[in-house]
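Structural characterization, general
Letter by letter, the chains look like this.
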Amino acid sequence: MADPYKPREPFAPWDRRQLPGLFDVEESARRVGNYKWAEMKLFETLGGWVATVPELDVKMRLGTHCYHHAWHAELWHKRLPELREMNPDRLTQPANDAMVRFVAALAEPEAAEHTIEKLVGVYRVFIPHFIAAYTFHRNNTSEITDAPTIRSLDFALRDEFDDWRDGEMLLQSLIETPEEVDRAAAHQARLEKIMLEAGGITGPGTIGGA
Amino acid sequence: MRKFFPVEDLARDSRFTQINMRQAEADPRTALVGPNAGKRAKVNRLTPSRPDASEAARNLMHGIFVGEIQALEGAGRTCHDFELPDSKDPLSTDTVPFALKLDMARQAWDESRHVEISVKLGEWMGAEIGQFAENTILFEAACSNDPVMRLAGVNRALEGLAIDVFTTMKEFGEVAGDPFLEFCEDWMLADEVTHVKMGSDWLRKVTENDPERRKKALEFQSIVDRLFSFGGARSESDDSPIGLARRFRELAGFTTDEVDEIADVSLAALEARKAFSAAAMASAE
């Protein structure tokens, strides 16, 4: 039988987590506030669109994904006070004006004939940018001091990947002509240009390099 | 995208045909008096022994299906249509708290699952999407500019009706020996009790310091309850296909007095419907 009093290393040989991270408490809180704002705008838009899309399968997916993003917003809302922000509303902000314009352009399509534009905005632009922002944060923050943020990022990322796959498959099944390919690409390019100006969901430096 | 989406613009594929409440009530196939009345069973409650039980159950399941679509759309719109409260004007009537929005998003997910469940149950029962008309009264109750009215009209009245409908369908599945139907209805019933309780809790919380607004909301709920009684389709009378699920309503936060009031309103709606049908028949003669 193993001796229970034999000293063991506090970190097992397979546990390679490191203390250093790119973000201090303030920077982590700022990013989390931007995430909460963006997730809120996304779930509000998805909820609003449910009544506007005639395709039944799309309608049901939007309702389901609406909750996923609301839950992410709730996770970030709860994380903010743990990052010394006792008034979560203060940091629940867009990264910059371009992000506000991005969300306005994303939510613009309303007509029943514009399901492709709605899905392109969410699943080919916004969600890939969430995946990028969350992945960068997850891989660069301290794995020990900021573990609660990492746990929430992991939950959110899993949803983002699953939702992206759902949305991309819906899009591929809806796009049936070369003209619709052009429509999808044009809308994607329009939104990507605004996102480029924004620098990503948390502004310049969202995925480093700023 | 606009704030506040009109019922006429609800997006549907080509299988759906939408009608309003008046058209639904004027349908001679549902007459409670007049020459068609004799063709109906003496007891109107949905039971397997009714000669038209299969068709009536398919009709009711299709009604659940379209009702779930509209409930999904209504919850989604409440996420979108209102801003968060401004700290300078916390009593504004056109804003909703963040936590209420989260609850509405949760409800949107639940209603999406209910649409999925009712599509599969409809197929199981031999119904097709679009086989019956869609009455859009449910979404109309979700169109108010005041979120508290939506809570009263949708979460308390509509979701309350859903409790009654699912209880009736669950019992129908049980008596008919259809465990699949009973199983699914029981799960949906659990969600609906949660939604009604959510509505009851938020209604109290949001109107805590505004008794006049609460009074108006409860009056609106009463009006919607009368409408959702579908001219007597839901009441404690055997003339109504759908019963009143007292126990589950109490679990969802309704007081005994409130359930009694709904029972009275429903019975009155049944009598009004009979009178309307009789007058319509008389004028046609």
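First things first, this report covers the structure right here in the doc. What you see is a predicted model, and the numbers here were worked out from it, not measured in a lab. (Residues numbered from 1 in each chain as written. Chains lettered and ligands numbered in written order. Predicted model: local features only at pLDDT ≥ 70, side-chain atom pairs only at ≥ 80, totals over all residues.)

A closer look at the environment of Val206 of chain B
Residues and elements named next belong to chain B. Definition in use: Numbered from the N terminus, helices here are DSSP runs of H or I no shorter than four residues, and strands are runs of E no shorter than two. A residue is called partly exposed when the number of other C-beta atoms within 10 Å of its own lies between 12 and 20, exposed at 12 or fewer, and buried at 20 or more, with C-beta atoms placed from the backbone.
Along the chain, Val206 falls in helix H6 (residues 179-206). Take Val206: there are 23 C-beta atoms within 10 Å of it, and that puts it in the buried class. Placed 27 residues apart in sequence, Val206 and Ala233 show a C-alpha to C-alpha distance of 32 Å.

Remarks on helix H7 (residues 178-198) of chain A
Each α-helix turn comprises 3.6 residues. Residues three or four places apart therefore point the same way. All names here are of chain A. What counts here: Any helix carries an expected span of 1.5 Å times its number of residues minus one. What the arc describes is the spread of directions from the helix axis to the C-beta atoms. We call two residues in contact if the C-beta atoms placed from their backbones are at most 7 Å apart.
A rise of 1.5 Å per residue sets the reference length of H7, with its 21 residues, at 30 Å; its end C-alpha atoms lie 30 Å apart and thus fit the reference within 8%. Three or more residues of H7 are buried, namely His187, Leu191, Met195 and Ala198. The arc enclosing the buried residues of H7, seen along the axis, measures out at 80°, which places them on a common side. For H7, the exposed residues lying more than 90 degrees away from the buried face are Pro178, Glu179, Val181, Asp182, Ala186, Ala189 and Leu196. Taken together, the buried residues of H7 touch helix H4 (97-106) and helix H5 (115-140). In the segment just after H7, Gly199 is the residue with positive phi, at about 85°.

Examining the interface of chain A and chain B
Note on interface size: it is often stated as the accessible area lost on association of the parts. To keep it simple, the criterion reads: When residues are sorted by character, Ala, Val, Leu, Ile, Met, Phe, Trp, Tyr, Cys and Pro go into the nonpolar class, Asp, Glu, Lys and Arg into the charged class, and all the rest, Gly among them, into the polar class.
The interface of chain A with chain B comprises 25 residues on the first partner and 24 residues on the second. Among the secondary structure elements, those contributing two or more residues to the side of chain A that touches chain B are helix H1 (25-49) and helix H2 (56-82) of chain A. Per element, the largest residue contribution to the side of chain A that touches chain B is nine residues, and it comes from H2 of chain A. The residue inventory of the side of chain A that touches chain B, partitioned by class, reads 13 nonpolar, seven polar and five charged.

Focus: unusual backbone geometry
The residue Arg84 of chain A is not glycine, and still its phi comes out positive at about 70°. Residue classification places Arg84 of chain A among the exposed residues on the basis of 10 C-beta atoms within 10 Å. The backbone phi angle of Phe4 of chain B is positive, close to 65°, even though this residue is not glycine. Among the secondary structure elements, Phe4 of chain B is positioned in the segment before strand E1 (18-19). Using a count of 11 C-beta atoms within 10 Å as the deciding quantity, one classes Phe4 of chain B as exposed.

Focus on the packing of helix H2 (residues 53-81) of chain B against helix H5 (residues 147-176) of chain B
Residues and elements named next belong to chain B. Put simply, the rule is: To get an axis, fit a line to the C-alpha atoms, keeping to the stretch in contact for a helix; angles then go from 0 to 180 degrees between the N-to-C directions. Convention used here: angles under 35 degrees read as roughly parallel, angles over 145 as roughly antiparallel, angles from 65 to 115 as roughly perpendicular, and any remaining angle as oblique. In a left-handed crossing the near helix is turned counterclockwise from the far helix by less than a right angle, and in a right-handed crossing that turn is clockwise.
As a packed pair, H2 and H5 sit with axes 11 Å apart at the nearest point and diverge in direction by 155°. With respect to each other, H2 and H5 are oriented roughly antiparallel. Crossing of H2 over H5 shows left-handed handedness. Between H2, through Ala57, Leu60, Ile64, Gly67, Ala71, Gly74 and Thr78, and H5, the contact on the second element is made entirely by Pro147, Arg150, Val154, Leu158, Ala162, Val165, Met169 and Phe172. Its residues assigned to classes, the contact of H2 with H5 shows eleven nonpolar, three polar and one charged.

Comments concerning the packing of H2 of chain A against helix H6 (residues 147-174) of chain A
Residue and element names in this part refer to chain A. Packing of H2 against H6 brings their axes to within 11 Å, and their N-to-C directions diverge by 165°. One finds that H2 runs roughly antiparallel with respect to H6. Judged by the sense of rotation from one axis to the other, the crossing of H2 with H6 is left-handed. Contacts between H2 and H6 involve Asp57, Val58, Arg61, His65, His68, His72, Leu75, Arg79 and Glu82 from the first element and Pro148, Thr149, Ser152, Phe155, Ala156, Asp159, Asp163, Asp166 and Leu170 from the second. Looking at the contact of H2 with H6 residue by residue, the class counts come to six nonpolar, five polar and seven charged.

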